[in-house]
Amino acid sequence: MIEARGLTKRYGGKVAVDDLSFTVRPGVVTGFLGPNGAGKSTTMRMILGLDRPTSGTVLVDGRHYRDLPAPARHVGALLESRAIHPGRTAENHLLTLARTHGISRRRVDQVIDLVGLRGVARKRARGFSLGMNQRLGIASALLGDPSTLVLDEPVNGLDPEGIRWIRDLLRGLAAEGRSIMVSSHLMSEMALTATELIVIGRGRLIAQTSVDEFVRAA
Ligand code: ADP
Ligand code: ADP
């Protein structure tokens, strides 16, 4: 569960996120919709403790993410900048991450299977398509078996098959009781992936509703 209360971020005189309050519940995929520059990435960075709110709070399962020791950090993230060295294999990348966080090799194998990368796990990343990179990014996010997953524009640039794959994966993960927040600037993508919706514009909350309600009202 993610709870934002009066979350605000200013960069100098500019307000990127403006008194934002919302809840991301477990069990469903919650879309985070807003045009480019609306404040989605900034909000997600604050949820993850990568950026510090100017005021307000954001809690994950009742706690500040920053306050949690690393192995207890049950938030997985897929952010827009996700570089993997082109000379490394997917498996190697995941094993290194796992080692850093004290995660077992068994879990690495599990996430490789979960995201369908088994066939290319020992291939170098330089030949990976965007879709394969996304799978690898999601596999990395799932390594710690997080209760909460935050994904910034995960279907951006993917073909319809890739979008369907991510939708099915996210819905499955949500059905296991996880809280999932996924951002996009396109309603057409949101309608395909999410069931709940948080809509923002210029850093402010416009609506928190179900996708069905939102489509009906539009
Ligand atoms: P979105 O993810 O919805 O595209 P962002 O959160 O990236 O929006 O950006 C929201 C606003 O905050 C934009 O106007 C952006 O230019 C500004 N912004 C984001 N990060 C910084 C930063 N580090 N310094 C200054 N302004 C920033
Ligand atoms: P910095 O990276 O700027 O050094 P700190 O780690 O010192 O930031 O954190 C500064 C303060 O911001 C702390 O009191 C911390 O509790 C608070 N803080 C960090 N993350 C959040 C959050 N997600 N919501 C509210 N306050 C937070």
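For the structure itself, consult the block above.
Residues numbered from 1 in each chain as written. Chains lettered and ligands numbered in written order. Predicted model: local features only at pLDDT ≥ 70, side-chain atom pairs only at ≥ 80, totals over all residues. Heavy atoms only, no water.

A. Molecular detail of the site of ligand 1. Around ligand 1, the neighbouring residues are Tyr 11, Lys 14, Ala 16, Pro 35, Asn 36, Gly 37, Ala 38, Gly 39, Lys 40, Ser 41 and Thr 42. Within the backbone of Gly 39, an N or O atom sits 3.0 Å from an oxygen atom of ligand 1. In this structure, an oxygen atom belonging to ligand 1 sits 2.6 Å away from a side-chain N or O atom of Thr 42. Protein burial of ligand 1: of its 560 Å² of free accessible surface, 61% is covered by the chains. Listing elements by their share of the shell around ligand 1, those giving two or more residues are strand E2 (14-24) and helix H1 (40-47). Sorting elements by how many residues they give to the shell around ligand 1 places H1 first, with 3 residues. Residue composition of the shell around ligand 1, grouped by class: 4 nonpolar, 5 polar and 2 charged. (Near = heavy atom within 4 Å. Polar contact = N/O pair within 3.5 Å; in protein donor to acceptor, adjacent residues only side chain to side chain. Areas by Shrake-Rupley, 256 points an atom, 1.4 Å probe, with all protein chains shown as cover. Helix = DSSP H or I, 4+ residues; strand = E, 2+ residues; numbered from the N terminus. Nonpolar A, V, L, I, M, F, W, Y, C, P; charged D, E, K, R; others polar.)

B. Examining the packing of helix H2 (residues 90-100) against helix H3 (residues 105-114) more closely. Remark: H2 packs on H3, axes separated minimally by 10 Å, with the N-to-C direction vectors making an angle of 135°. In terms of axis orientation, H2 runs oblique to H3. Crossing handedness for the pair H2 and H3: right-handed. Where H2 approaches H3, its residues Glu 91, Leu 94, Leu 95 and Ala 98 are matched on the opposing element by Arg 105, Val 108, Asp 109, Val 111 and Ile 112. (Axes fitted to C-alpha atoms, helices over the stretch in contact; angles between N-to-C directions. Parallel < 35°, antiparallel > 145°, perpendicular 65-115°, else oblique. Left-handed = near helix turned anticlockwise from the far one by under 90°. Contact = heavy atoms within 4.5 Å.)

C. Expanded view of H3. For H3, the complete set of buried residues consists of Arg 107, Val 108, Val 111 and Ile 112. Projection of H3 onto a plane perpendicular to its axis shows the buried side chains occupying an angular sector of 140°, all on one side. The inward-facing, buried residues of H3 abut H2 and helix H4 (130-142). Just downstream of H3, Gly 116 is the residue with a positive phi angle, here 70°. (Buried < 20%, exposed > 50% of the residue type's maximum accessible area, 1.4 Å probe, protein only. Arc of directions from axis to C-beta.)

D. Representation of the sheet that holds strand E7 (residues 179-184) in the model. What the 6 strands build is an open sheet, ordered E5-E6-E7-E3-E8-E9; its pairing is mixed. Each having just a single partner strand, strand E5 (75-78) and strand E9 (204-210) make up the two edges of the open sheet. In this sheet, adjacent strand axes meet at a mean angle of 15° when their direction is disregarded. Judged from the 4 bridges that link them, strand E3 (residues 29-33) and strand E8 (residues 196-201) form a sheet pairing that is parallel. Considered in E8, the bridge of Gly 31 is made with Leu 197. Sheet contacts for H1: E3, strand E6 (148-151), E7 and E8; angle to E7, the most-contacted strand, approximately 155°. Sitting on the sheet, helix H5 (residues 160-175) touches E3, E6 and E7, and the angle it makes with E7 is about 150°. (Pairing = 2+ DSSP bridges.)

E. The nonpolar core, seen in detail. By size, the foremost hydrophobic cluster in this structure holds 42 residues, and its most contacted members are Leu 94, Ile 138, Leu 149, Leu 170 and Ile 180. No other element matches the 7 residues that H5 contributes to this core. If we skip the residues at most four places from it in the chain, Leu 149 touches Gly 76, Ala 77, Ala 141, Leu 142, Leu 170, Leu 173, Ser 179, Ile 180 and Met 181. If you look at the next biggest cluster of nonpolar residues, it comprises 21 residues, including Val 58, Val 60, Val 75 and Val 150. (Core = buried A, V, L, I, M, F, W, Y, C linked by side-chain atoms within 4.5 Å.)

F. The arrangement of the packing of aromatic side chains in detail. The final tally for this structure, using the stated rule, is 1 aromatic pair. Judged by centre distance (5.9 Å) and plane angle (40°), the ring pair of Phe 22 and Phe 32 falls under tilted. A residue pair is termed long-range when its members are at least 10 positions apart, and Phe 22 in strand E2 and Phe 32 in strand E3 qualify at 10 residues. Classification of Phe 32 by relative accessible area gives buried; the value is 0%. Between Arg 135 and the ring centre of Trp 165, over which it is positioned, the NZ or CZ distance is 3.9 Å. (Phe/Tyr/Trp six-rings, centres within 6.5 Å; stacked < 30°, edge-to-face > 60°. Lys NZ or Arg CZ within 6 Å of the ring centre and 35° of its normal.)

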